[in-house]
Amino acid sequence: KPEQDFTKVSKFLSYVLRHKPEAINLTLDDKGWASVADIIEKAKPQITLTPALIRQVVIDNEKKRFSLSYDNQYIRANQGHSIKVDLQLIPEKPPAVLYHGTATRFLDSIKREGLKPGKRHHVHLSSDIETATAVGKRYGKPSIIEIPASAMHQQGFKFFLSKNKVWLTEYVPANFLTVI
Ligand code: HQG
């Protein structure tokens with residue numbers, strides 16, 4: 001089925017572009033871009049890619065996880081990295097509230113320590129509860145945390161909106177968190 005192929009390719013691209021390019025001996029530039037031709041070559045024989053398949057995955061991906069350069073020669077992930085890359089994110093004014101979905105079993109620790117980015121660059125926040133619920137479900141029974149983003153922004157906390165509309169911030173101290 002093509003959808004299954006797309007999922008497999010998306011997972012492969014997420015892995016090498018966000019977390020472990022060295023797994024296939026790929027190099028990213030400092031802004032996270034990799035050559036499409038290079039990926040195709042180095043993905044072999046694990047996975048067979050073509051420029052057309054990569055373009056389809058970039059376009060169809062439900063979360064718009066990847067971007068291609070204008071000439072289609074380079075690709076990068078829009079967010080979610082654990083390796084150091086400079087996405088050149090520009091701070092933006094967030095909406096009044098944002099939501100973070102997590103597993104219920106993490107709540108005690110989160111209430112104590114605040115929301116931390118873990119292995120990634122940022123804490124990931126959503127503008128709607130449905131998306132946050134889907135994110136939280138990945139690790140178990142979901143819980144939703146509401147964050148007063150405007151108020152934090154007024155106090156000097158920076159927020160960024162990734163190209164695929166995920167809100168990002170470095171850290172959310174515990175006093176800003178309300179479990180809803
Ligand atoms: C939790 C997916 C204990 C945090 C999604 C989360 C998202 C704490 C987990 C994107 C904590 C990290 C990111 C603390 C935070 N104590 N646990 N103090 N602070 N946590 O996967 O936000 O499909 O790195 O709540 O849709 O779940 O990959 O982050 O549960 O947008 O494109 O630590 O990944 O997108 O987990 O998900 P993650 P996330 P993709």
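The structure this text deals with has already been given above.
Residues numbered from 1 in each chain as written. Predicted model: local features only at pLDDT ≥ 70, side-chain atom pairs only at ≥ 80, totals over all residues. Heavy atoms only, no water.

(A) Local environment of the site of the ligand. Lining the immediate environment of the ligand, one finds 17 residues, of which Lys63, His100, Thr102, Ser109 and Tyr139 sit closest. Lysine 116 places a main-chain nitrogen or oxygen 3.0 Å from a nitrogen atom of the ligand. Measuring from an oxygen atom of the ligand, one finds a side-chain N or O atom of arginine 120 at 2.7 Å. When the ligand sits alone it has 790 Å² of accessible area, and the protein chains cover 85% of it. Where the shell around the ligand is concerned, the elements lending two or more residues are β4 (98-103) and α4 (107-113). Ranked by the residues each element gives to the shell around the ligand, the list is headed by α4, at 3 residues. Residue classes in the shell around the ligand are distributed as 5 nonpolar, 5 polar and 7 charged. (Near = heavy atom within 4 Å. Polar contact = N/O pair within 3.5 Å; in protein donor to acceptor, adjacent residues only side chain to side chain. Areas by Shrake-Rupley, 256 points an atom, 1.4 Å probe, with all protein chains shown as cover. Helix = DSSP H or I, 4+ residues; strand = E, 2+ residues; numbered from the N terminus. Nonpolar A, V, L, I, M, F, W, Y, C, P; charged D, E, K, R; others polar.)

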